[in-house]
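Results of the structural survey
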Amino acid sequence: MRAIKQWFGLLFLTSAMLFAQAAMANDNFTRQDITFNSAGKKLVGWLYVPKGIKAGEKRPAIVMAHGWSAVKEMYLDDFAAKYSNGGFVVLVFDYRNFGDSEGEPRGHIDPNMQHEDYKNAITWATLQPMVDANRIGIWGSSYSGAHVMHMAAFDRRVKCAVAQVPLVNAVDNFRRLVRADYWGGLQAWLAADRAEEYTTGKVNYLPVVAEQGKPSALPTQDSYDWFIKTGQTRAPKWENRQTVRSLELALAYNPAASVHLISPTPFMMIVAENDVLTPTDLAIEAFGRAREPKQLVILPGGHFDAYVSGFQGASTPALNWFKQHLMK
């Protein structure tokens, strides 16, 4: 019996290796590990380059980063591979303080710093010999979807933008996640944390996700299920912690306030029909205030389905949008 189990185990492993090799053989790109500088920190990412680029040829590029606390291994490789197979140079990176990138304190989420990291990623991408600096697209999901909205409104190097299941107004969003009778206590807790860090230098932490009923930054069951499973299976370097002050900084973030400034940059928003983390109606209301050219895509399912079961429904319209506006 033991020999039979070993034989089946070997057969499964061999089949898996052959399947992975076949999948890689079908890819029409190469991927390399890269680093670039952002505010004195070394950020780490991947650069996807389509095969067959001729000498002197320049391609459009897409710059991508992940959402709240997430790192590039949490399904961004799937999106980047699809876009690069579609003919784009793709840069995927981790923000400072996360993943393989430098930065302290670890797990600290500052939207302004992450904007700078996005800007520096765009700059680095435009300096690559195979990239057309006049055809830059950006893609973000969840919290980075918020960053895409902000960047597209103010950085005119961006020629096309896709925001997937984005946070659009942090206060409105968190009021959906925090009971009204807890709101005052949350404000007092954040004020106390700031005072403690100011007087002692101590950095306090909060879990990103936790079992229902326990404190966390993203207090929904689907958040817990996705982060824990994805961290275990795809991203062992992901840490289930963030600074408490990250919440204070997030509550001042309202990228939807400038959504009307994105135009004339082509803007696509992809929302999930039953999103309870970044509520569907908030996103659609913000999209309504964006100006043309724009396109709205509504996916079945919830927030995290866009990465897994809804991957094709999310990635295909985005790829087509980028092709429409960046391919010549």
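Refer to the structure presented above.
Keep in mind that this is a model prediction, so the values were computed, not measured. (Residues numbered from 1 in each chain as written. Predicted model: local features only at pLDDT ≥ 70, side-chain atom pairs only at ≥ 80, totals over all residues. Heavy atoms only, no water.)

1. Let's talk about the sheet that holds strand β3 (residues 59–65)
Strands pair in a sheet through their backbones, by hydrogen bonds, and they do so in one of two ways: parallel or antiparallel. Judged by pairing direction, the sheet is mixed, and its eight strands sit side by side in the order β1-β2-β4-β3-β5-β6-β9-β10 without closing on themselves. Each having just a single partner strand, β1 (29–38) and β10 (294–299) make up the two edges of the open sheet. Here the average twist between neighbouring strands, direction ignored, is 20°. When β3 meets strand β5 (residues 131–141), the two strands line up parallel, connected through six bridges. Of the residues in β5, the one forming a bridge with I62 is G137. Of the strands in this sheet, β1, β2 (41–50), β3, β4 (89–93), β5 and β6 (158–164) are in contact with helix α3 (residues 111–126), which crosses β1 at around 125°. The strands touched by helix α10 (residues 311–326) within the sheet are β3, β5, β6, β9 (267–272) and β10, with β6 carrying the most contacts at an inclination of about 170°. (Pairing = 2+ DSSP bridges. Helix = DSSP H or I, 4+ residues; strand = E, 2+ residues; numbered from the N terminus. Axes fitted to C-alpha atoms, helices over the stretch in contact; angles between N-to-C directions. Contact = heavy atoms within 4.5 Å.)

2. A look at the pairing of β9
Most of β9 is tucked away: six of the six residues are buried. The alternating pattern of β9 places F267, M269 and V271 and M268, I270 and A272 on opposite faces, both of which are buried. Note that β6 and β9 share four bridges and pair parallel. Each bridged residue has a counterpart across the sheet, and for Q164 the counterpart in β9 is I270. As paired strands, β9 and β10 are joined by six bridges and run parallel to one another. Bridge pairing in β10 links M268 to Q295. (Buried < 20%, exposed > 50% of the residue type's maximum accessible area, 1.4 Å probe, protein only.)

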